[in-house]
Amino acid sequence: MVRSSFIIFNLLFLVGTAFFIKKTVVPFKLLNTLSKNNPIVSDFKKFQKKYGDEKTLIFATYLKKPDQAFSEIDKLTKSIQNFSPELNVRSLTSSYYVLSKGIFRTNKLKDDVLNSPYYDIFWDKNKEVAIIYIQSKENLGELIKFLQKRERSFFFGHGYFQEVVKKESINDQKIALPLFIVITFFFFYFLFGSFKVCFAALNIILISYLSTLTFVVFIEKTISPFGSLALLISFTMAISDIIHYFYKRPDFKVMIPCFYTSLTTAIGFLSLCISNILPVSNFGLFGAFAVFISFGSTFLILPFMTKYFNIMPLRRPVLKISLYSFCLKNRYTIIGVFIFFTLFFSFQIRNLKFEDNFLNQFKKEHIFSKSADFFREKLQFSGTLDLIIKGRRETLLSTEFMKVESELKKELLNHSSITGVYSALDIKEDLLLRSELNRENIKILDFFLFFDRLVPEGLEESRFIVTLKDIGSRDMESIFEFVENSKFDIKISGYSKVRYHIMRFLFQTFYGSLFLSFTGIFLCFLFLFRSLKLALVGLIPNILPLVFVSGMQGLLSIGTNFYLVVLNCIVLGISVDDTIHFLYHFKKHKGDLKSFLPLISPPLIMTTTLFCLLFPCFMMSSFISFSHMSFFLCSSFIVALLADLTVLPSLLKAR
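Rules used throughout
Residues numbered from 1 in each chain as written. Predicted model: local features only at pLDDT ≥ 70, side-chain atom pairs only at ≥ 80, totals over all residues. Heavy atoms only, no water. Helix = DSSP H or I, 4+ residues; strand = E, 2+ residues; numbered from the N terminus. Buried < 20%, exposed > 50% of the residue type's maximum accessible area, 1.4 Å probe, protein only. Contact = heavy atoms within 4.5 Å. Patch = residues over 30% accessible without salt bridge, like charges linked within 9 Å, V, L, I, M, F, W, Y side chains within 5 Å. Areas by Shrake-Rupley, 256 points an atom, 1.4 Å probe, with all protein chains shown as cover. Salt bridge = Lys/Arg side-chain N within 4 Å of Asp/Glu carboxyl O. 1 Å grid on protein atoms, 1.4 Å probe; cavity = no way out; pocket = protein on both sides within 12 Å on 5 of 7 lines; lining within 4 Å. Points joined across faces, edges and corners; volume = space filled by probe spheres on them. Nonpolar A, V, L, I, M, F, W, Y, C, P; charged D, E, K, R; others polar. Pairing = 2+ DSSP bridges. Axes fitted to C-alpha atoms, helices over the stretch in contact; angles between N-to-C directions. pLDDT = per-residue confidence, 0-100. Core = buried A, V, L, I, M, F, W, Y, C linked by side-chain atoms within 4.5 Å. Left-handed = near helix turned anticlockwise from the far one by under 90°. Phe/Tyr/Trp six-rings, centres within 6.5 Å; stacked < 30°, edge-to-face > 60°.

## Quick notes on the overall build of the chain
Counting its regular elements, the chain contains 23 helices and 10 strands. Based on the C-alpha atoms only, the size of the chain along its principal axes is roughly 100 × 60 × 40 Å. The burial tally for the chain puts 60% of its 655 residues in the buried class. In the chain, of all internal contacts separated by at least 6 residues, the share reaching a separation of at least 24 is 79%.

In structure tokens form, the structure reads like this:
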């Protein structure tokens, strides 16, 4: 009866989680990367209310017959509009206008469209590629699938990026989770020779995983890249405790040191909660949640399963590893090597850079990367920056204001990263080209909302859409500084402003969370071991994995970006686990390294080995940063293990 109830509970938990996620998950939104109380969020919401660009999809496609461009673009525009009545489609044919005897008409193209700069935003310089702007109140997934049927087509825009992020975050789980399960299953069977142990371990791990998944979706209402990473981290969190649980000897207590490791690992994750970048802050919360769920599942549910399902290892892994004599004989050499590598990698940190570019988030072969490269290289377009200039509406739409608009446009185009400026000036110049520039015609176009995207109805402001060659953190910093020093009274707004401030928060998150993590773990060491000496000695070996990660980033010129900013806190939070197990048994055995070192080494080695088998699965992710993270985590965990098994004993035996 007890067994059946337990199995039914697990099935209900699995089905309930799947139902909740399917009902709740929505696309990832960049706006959710900042706190709701952040003034930047408030400013962006006001901007979206007026201009509504967040769900804009930019669709670029090669014309099959450039000599019949107008008819081809018109046909394509109508097919997109017919896809859904909710779509607002802007293209060359839908935006062309004619003024005749005070009457406004559209879709009657004339040759003057080829000479007017106003229409340059709807195709490339060579008139080979049509560019169509699509705004939608719905999710863009189905529309993108529909448009992908056309050959040589590319996509860009905020809505597209958000849709891709959601899709790839879910795909990462679909790919990595089965691999994690298979690798973990066979690894546990190799260690303990029991299928029951394998299934019990996976059951505990999946309880942790599904609990964290439910928590992630409940908090974020989506699966962001950080949420996806937190889920895979939750999978690995339980592994260490489970290995120690099944490996334990009769006189070898594991629950207390595992609780200590859970506490310090949680501190490492929680230190990220100070970040102004909400997904990073949430990731810290998710990681800490996963740690405690894993510990609770291991030491509350696993004993229950062991009892009622008669689960016992059929063999104990035997690793005859004794580093005591080696460390005793070579302790000063080991300490010297440790100091050398610590200084070497510390010196490399000077090359560490904080930089981000959301166009480079995915691997080169990914469809988003191909589209981004196409827009950058063919169209000289990587994004936009929105500038707002205040003034009376009549003045902003007047012909007299053209002088100010022209001067501002000229000044902006002096920056090397700015490739174009689109504003109400372009419409006025188009009227001038047609010999129709007068106050009456401007009023007619305004009545038909032709200026609405640039000078919204009823508002006293005009919008300048600045197209950018690149939007890397250094380019954005240079552009923002250039604009802020302009002689014109203009305000920066829009999507790029949000991204720029997220980039600026990277530096604060990196150092602030690392300081809190180090301080919190040090205080935990003091409380746990009641010894200043042990607390200090325990931190020393964990310096090397940290400087190793940052030093390697500097050495390999891999900058700290939106995703890698969490790397050091993960490394510190997890690498101190081995140190805690070591020092706990050091105190329990009253400093007798020779007696407990051979006992504590095998489970530490097993845990690190399994981590190093699992984390390379991240390399299959479409996110480039996750591949980098896989390398850094695996190598830092190996460095941490070697430091704990060699440097720590050497320090404790040094005189």
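## A look at a nonpolar patch on the surface
A grouping of Val337, Phe340, Phe341, Phe344, Leu555, Leu556, Met619 and Phe631 is seen on the molecular surface, where their side chains present a nonpolar patch of about 700 Å² in accessible area. Ranked by residue count, the leading element in the nonpolar patch is helix α12 (residues 331-348), at four residues. When you line up the elements, phenylalanine 631 lands in helix α23 (residues 624-653). On the accessibility criterion, phenylalanine 631 (36% relative accessible area) is partly exposed.

## Considerations on empty space enclosed by the protein
A water-sized probe, rolled over the atoms, reveals where empty space remains. Applying the stated criterion to the full structure yields five cavities of 30 Å³ or more. Its volume calculated, the largest cavity comes out at about 110 Å³. Lining the largest cavity, in full, are Thr236, Met237, Ser240, Asp241, Thr261, Ser262, Thr265, Val291, Ser294, Ile574, Asp577 and Phe611. Sort the elements by how many residues they give to the lining of the largest cavity and helix α8 (residues 225-247) lands first, with four residues. By residue class, the composition of the lining of the largest cavity is four nonpolar, six polar and two charged. Considering only enclosed or pocket space, the second largest cavity measures out at about 90 Å³ in volume. What lines the second largest cavity is simply Ser240, Ile574, Ser575, Asp577, Asp578, Thr607, Thr608, Phe611, Phe637, Ala640 and Leu641. Contributing elements (two or more residues each) for the lining of the second largest cavity: α21 (567-588), α22 (593-614) and α23.

## Re the side chain of threonine 579
Here threonine 579 lies in helix α21. Overall, the relative accessible area of 0% leaves threonine 579 in the buried class. Setting aside anything within four residues of it in sequence, one finds threonine 579 in contact with Phe525, Gly538, Asn542, Asp644 and Leu648.

## Considering the sheet that holds strand β8 (residues 418-422)
What the four strands build is an open sheet, ordered β8-β9-β7-β10; its pairing is antiparallel. Only two strands of the sheet have a single partner each, and these edge strands are β8 and β10 (490-493). Across the sheet, the axes of successive neighbouring strands diverge by a mean angle of 30°, strand direction being ignored.

## Points about the pairing of strand β6 (residues 153-156)
Residues Ser153 and Phe155 line one face of β6 and the alternating positions Phe154 and Phe156 line the opposite face, and both faces are buried. In this structure, strand β1 (residues 56-62) lies alongside β6, joined through four bridges in antiparallel fashion. Paired with threonine 61 across the bridge in β6 is serine 153.

## Focus on the confidence of the model for the chain
Per-residue confidence for the chain gives a mean pLDDT of 83, with 91% of residues at or over 70. The least confident element of the chain, judged by mean pLDDT, is helix α1 (residues 2-24) at 67; the most confident is helix α15 (residues 402-412) at 93.

## Quick notes on the nonpolar core
Counting 213 residues, the largest nonpolar core has Ile80, Tyr97, Phe283 and Val566 as the members making the most contacts within it. In this view, tyrosine 97 contacts Phe104, Arg105, Thr106, Tyr118, Tyr119, Ile427, Asp430, Leu431, Arg434, Leu445 and Phe450; residues no more than four positions away in its chain are not counted.

## Re unusual backbone geometry
Here the phi dihedral of serine 435 falls at roughly 60°; this positive angle occurs in a residue that is not glycine. Classification of serine 435 as exposed rests on a relative accessible area of 68%. Unlike most non-glycine residues, leucine 449 shows phi in positive territory, near 60°.

## Concerning the packing of helix α7 (residues 195-220) against helix α10 (residues 278-308)
Running from N to C, α7 and α10 point in directions that differ by 150°, and their axes come no closer than 8 Å. Of the two elements, α7 crosses α10, and the hand of that crossing is right-handed. Residue classes in the contact of α7 with α10 are distributed as 15 nonpolar, eight polar and one charged.

## Quick notes on the environment of lysine 50
Mapping lysine 50 onto the fold places it in helix α2 (residues 39-51). Take lysine 50: its relative accessible area is 33%, and that puts it in the partly exposed class. In the structure, lysine 50 is positioned 513 residues away from tyrosine 563 in sequence and 31 Å away in space, judged by C-alpha atoms. When neighbours within four sequence positions are excluded, lysine 50 is seen to be in contact with Pro456, Leu459 and Glu461.

## Describing the packing of aromatic side chains
As enumerated under the stated definition, the model contains 51 aromatic pairs in all. Relative to phenylalanine 368, the ring of phenylalanine 161 lies with its centre 5.5 Å away and its plane at 50°, an arrangement referred to as tilted. Of the two residues, phenylalanine 161 is situated in helix α6 (residues 158-192) and phenylalanine 368 in helix α13 (residues 367-377); the sequence distance between them amounts to 207 residues. Note on accessibility: phenylalanine 161 and phenylalanine 368 belong to one class, buried. Consider the rings of phenylalanine 340 and phenylalanine 344, whose centres lie 6.5 Å apart with planes at 15°: the pair is stacked.

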